[in-house]
Amino acid sequence: MSLIRRTPLQVAPSATVFLERQPRSMLVYAASAVVLLFVGLGISYGGDWLTYIGFTVAGYAVPLIVLAYIVRSDVYEREPIVIVAYCFGWGAFSGLLAGVLNSVITEPFLGAGGAGLIEEPLKIWGVYQIAKSARMKNEFNDHLDGIIYGAAAGAGFAGLENFWYISEMVLNNAYPALFAIAIRSITGVMHISWSAIAGRSLGVAKATRGKIRRSDMLPGILIAAGIHFLWNTLSTDIAFFLILPFTLSGLRNMIAAAVDDEKRWGFEFFAPDEKE
């Protein structure tokens, strides 16, 4: 698997990877991205996210930088920023849902290690909806697209979650602000990586079979939730010095392998022309 080494797909791609999205207005997705983001922040934190806007910006800063890097890795067929933003907004909204479900399921029954079983399916659900959408399914071509949209959902989730942890660490536990921001930024990058892994699973199904089923989410979710479990339960030293570099190396391998596949398939010359 590309998570461990830079491994190309071993089968020829489906013809659907070359389909072009029909030109349609994406205004509804742009509006939804904004609504999902602000509903997630507003219901989760009331007006606190504005009162402490510095914490909000700090919580989103590194996830957005990492997301921009991943988006720009798509050298042959850049994804529409509106759809990336929609998945980002969905990620923030899924953080709201995760907060509720974690309080009623994870905390009393699963413990901290079980958070991934709640959060990873929620984050990737919005990506699945894009991949299945009659309007947008031809925009979702392959595993690189899945990585990008999954990463966007992870970034939106991470920023929303970061606000709570940063404010809690600084205001209630007297940690230095820069320390709190640094620690949470690292966890934010992990959320991006986990969701990218889950998104890749959908993209592989689209590239190899030409269509996506709900069950195609399962392999990626299980891997992402498994790494999430280890991150939450192992010691800090193991998490930061073993799980973190392994996951970041895996993310880099997945992206590089997906770009290699697109080049091998002729995307350098025949990528779908999908203008925003």
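Bear in mind the structure is a predicted one, so any value in this text is a computation, not a measurement.

A. Molecular detail of the overall build of the chain. What the chain contains, in helices and strands, is 10 helices and 0 strands. Principal-axis analysis of the C-alpha atoms gives the chain an extent of 55 × 40 × 35 Å. Evaluated residue by residue, the chain yields a buried proportion of 54% over its 276 residues. Long-range pairs, those at least 24 residues apart, make up 83% of the contacts in the chain between residues at least 6 apart in sequence. In the chain, 21 positive and 22 negative side-chain charges are present, and the distance between their average locations comes to 7 Å.

B. Quick peek at the packing of helix α3 (residues 53-72) against helix α4 (residues 81-110). Packing of α3 against α4 leaves a shortest axis separation of 13 Å and a crossing angle of 145°. Considering how the two elements wind past one another, α3 and α4 form a crossing that is right-handed. Contacts between α3 and α4 involve Y60, L64, L67 and V71 from the former and V84, F88 and A92 from the latter. The residue makeup of the contact of α3 with α4, split by class, is 7 nonpolar, no polar and no charged.

C. Layout of the packing of aromatic side chains. What the rule picks out here adds up to 13 aromatic pairs. When the ring of W265 is compared with that of F267, the centres are 6.5 Å apart and the planes differ by 65°; the resulting orientation is edge-to-face. Each member of the pair, W265 together with F267, is buried. Through successive ring pairs, a cluster of aromatic residues spans F18, W265 and F267. One residue, R184, lies across the ring of Y165, its end atom 3.9 Å from the ring centre.

Here is what the cut-offs are and how they apply
- Residues numbered from 1 in each chain as written.
- Predicted model: local features only at pLDDT ≥ 70, side-chain atom pairs only at ≥ 80, totals over all residues.
- Heavy atoms only, no water.
- Helix = DSSP H or I, 4+ residues; strand = E, 2+ residues; numbered from the N terminus.
- Buried < 20%, exposed > 50% of the residue type's maximum accessible area, 1.4 Å probe, protein only.
- Contact = heavy atoms within 4.5 Å.
- Lys, Arg positive; Asp, Glu negative; His and termini not counted.
- Charge placed at Lys NZ, Arg CZ, Asp CG, Glu CD.
- Axes fitted to C-alpha atoms, helices over the stretch in contact; angles between N-to-C directions.
- Left-handed = near helix turned anticlockwise from the far one by under 90°.
- Nonpolar A, V, L, I, M, F, W, Y, C, P; charged D, E, K, R; others polar.
- Phe/Tyr/Trp six-rings, centres within 6.5 Å; stacked < 30°, edge-to-face > 60°.
- Lys NZ or Arg CZ within 6 Å of the ring centre and 35° of its normal.

Functional significance is not addressed by these values, which are geometric in nature.
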